[in-house]
Amino acid sequence: MKQPGDILLISCYELGHQPLGLASPLGFLKAAGYPAAGIDAAAEKIPSSFVSSAKFIGIAVPMHTAMCIGVEISKHIRAINPDAHLCFYGLYASLNADYLLASVADSVIGGEYEQPLLSLVQSFEAGDSVPQRLRTRPHAATPFLKRLSFAVPYRNGLPRLTQYAHLDAEGTTVPAGYVEASRGCLHTCLHCPITPVYKGRFFVVPADVVLADICQMVDMGAQHITFGDPDFLNGPGHTLEIARGLHSAFPKVTFDI
Ligand code: SF4
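The rules behind these values
- Residues numbered from 1 in each chain as written.
- Predicted model: local features only at pLDDT ≥ 70, side-chain atom pairs only at ≥ 80, totals over all residues.
- Heavy atoms only, no water.
- Pairing = 2+ DSSP bridges.
- Helix = DSSP H or I, 4+ residues; strand = E, 2+ residues; numbered from the N terminus.
- Core = buried A, V, L, I, M, F, W, Y, C linked by side-chain atoms within 4.5 Å.
- Buried < 20%, exposed > 50% of the residue type's maximum accessible area, 1.4 Å probe, protein only.
- Domains from an automatic or database assignment.
- Axes fitted to C-alpha atoms, helices over the stretch in contact; angles between N-to-C directions.
- Parallel < 35°, antiparallel > 145°, perpendicular 65-115°, else oblique.
- Left-handed = near helix turned anticlockwise from the far one by under 90°.
- Contact = heavy atoms within 4.5 Å.
- 1 Å grid on protein atoms, 1.4 Å probe; cavity = no way out; pocket = protein on both sides within 12 Å on 5 of 7 lines; lining within 4 Å.
- Points joined across faces, edges and corners; volume = space filled by probe spheres on them.
- Nonpolar A, V, L, I, M, F, W, Y, C, P; charged D, E, K, R; others polar.
- Polar contact = N/O pair within 3.5 Å; in protein donor to acceptor, adjacent residues only side chain to side chain.
- Near = heavy atom within 4 Å.

### Here we look at the pairing of strand 7 (residues 166-169)
Then step 1. Relative to strand 8 (residues 172-179), strand 7 is paired through 4 bridges, and the arrangement is antiparallel. Across the sheet, the residue bridging to A169 is T172, located in strand 8.
Then step 2. Between strand 7 and strand 8, which pair antiparallel one after the other, the connecting turn spans 2 residues, and E170 there sits at a positive phi close to 50 degrees.

Okay, here's the thing in structure tokens:
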């Protein structure tokens, strides 16, 4: 699993943002010594050579559109490389676990997915069985809802920010970056896909990790940051600290929530 090409992560759709669903798990994998590759299918072609050589392929499905596209992509993956372990991760992996496992997926990871995804990769490398807390075809499991020890997202090698949604304001267009200061939500609105997964819980991403990610995106050209938290005001003290840190470090960088 530590050879280049062994691990491939694919993002399908993240509302026009450079995908955090790639950058965040890539950060965990890189920190643990796994040279994983990430491809954003919304912005670039998936090289068939990447698919054919991979032993583990993860597909990020943070929203419904991404899952629909991911299922179609997974059919092509299966045709090229039927032996790769195919894992769907993110919010809609849990919500559609029965369907995914009955059709295309070998495993699904919902909730705070990065550490379980890393554990899954490590179990393959060690030749161990799949960790108990993961859901596979023969084994049921609930979404993983524990606080993680976060790594700074890894964005090297992803398509440039200029290929993604920009901010149009006051006659100028500037590149924008996307981060999340928290995941899940304190509220339990019945129409919301977060409720059945997080059940009224939310988890903060440490301020130093979020600010380091913002810093690297400003270095990449971002002049605006979108906070994509389900509810930015779930933890007002936490998010205020990050907003102040952003403004202190980059007074001209704007943000939206
Ligand atoms: S994210 Fe919004 S819609 Fe969903 S539970 Fe929280 S407040 Fe409700």
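### Overview of the nonpolar core
Then step 1. Grouped together as the largest cluster of nonpolar side chains are 33 residues, with contacts concentrated most on I57, I59, I77, F88, L100 and V108.
Then step 2. When residues of this core are traced back to their parent elements, those giving at least two are strand 1 (7-11), strand 3 (56-60), helix 3 (64-80), strand 4 (85-89), helix 4 (91-95), helix 5 (97-103) and helix 7 (195-198).
Then step 3. By residue number, the principal contributor to this core is helix 3, which donates 5 residues.
Then step 4. Each of domain 1 (7-136) and domain 2 (161-256) accounts for three or more of the residues forming this core.

### Description of unusual backbone geometry
Then step 1. Residues other than glycine seldom take positive phi values, yet L15 does so here, at roughly 60 degrees.
Then step 2. In the Ramachandran plot, K199 falls in the positive-phi region, its phi being about 50 degrees despite a non-glycine side chain.
Then step 3. Tracing the sequence through the fold places K199 in the loop between helix 7 and strand 10 (202-204).

### Details of the packing of helix 1 (residues 20-31) against helix 6 (residues 114-126)
Then step 1. The geometry of helix 1 relative to helix 6 is characterised by a closest axis approach of 9 Å and an angle of 45 degrees between their N-to-C directions. Here helix 1 lies oblique to helix 6, going by the angle between them. In this structure, the crossing between helix 1 and helix 6 has a hand that is right-handed. Seen from helix 1, the contacting residues are S24, P25, F28 and L29; seen from helix 6, they are E114, Q115, L117, L118 and V121.

### Re the sheet that holds strand 11 (residues 224-227)
Then step 1. If you walk across this open sheet you meet the 4 strands as 7-8-11-12, and the pairing is mixed. If you trace the sheet from one side to the other, it starts and ends with strand 7 and strand 12 (254-256), each paired once. When strand polarity is set aside, the average angle formed by the axes of neighbouring strands in this sheet is 35 degrees.
Then step 2. Summarising the sheet, strand 11 and strand 12 pair through 3 bridges and their orientation is parallel. Bridge pairing in strand 12 links H224 to T254.

### A look at the layout of surface pockets
Then step 1. Here the largest pocket defines a volume of roughly 750 Å³.
Then step 2. Taken together, 38 residues make up the lining of the largest pocket; nearest its centre are P62, Y178, E180, G228 and P230.
Then step 3. Mapped by element, the contributors of at least two residues to the lining of the largest pocket are helix 1, helix 4, strand 8, strand 9 (182-184), helix 8 (207-219) and strand 11.
Then step 4. Residues of the lining of the largest pocket, tallied by class, amount to 24 nonpolar, 8 polar and 6 charged.

### A closer look at the side chain of T195
Then step 1. Inspection of the secondary structure puts T195 in helix 7.
Then step 2. We classify T195 as buried; its relative accessible area is 15%.
Then step 3. Here C189 takes part through its backbone oxygen, which lies 2.9 Å from a polar atom of the side chain of T195.
Then step 4. Contacts of T195, omitting those with residues within four sequence positions, involve H187, T188 and C189.

### What about the environment of A43?
Then step 1. The residue A43 is located in the loop between strand 2 (37-40) and helix 2 (48-53) in this model.
Then step 2. Linking A43 and G33, residues 10 residues apart in sequence, is a C-alpha distance of 26 Å.
Then step 3. In contact with A43, not counting residues within four places along its chain, are P159, Q163 and Y164.

### Things to note about the site of the ligand
Then step 1. Around the ligand sit C185, H187, C189, H191, C192, I194, T195 and P230, and those are all the residues in its vicinity.
Then step 2. Partitioning the shell around the ligand into residue classes produces 5 nonpolar, 3 polar and no charged.

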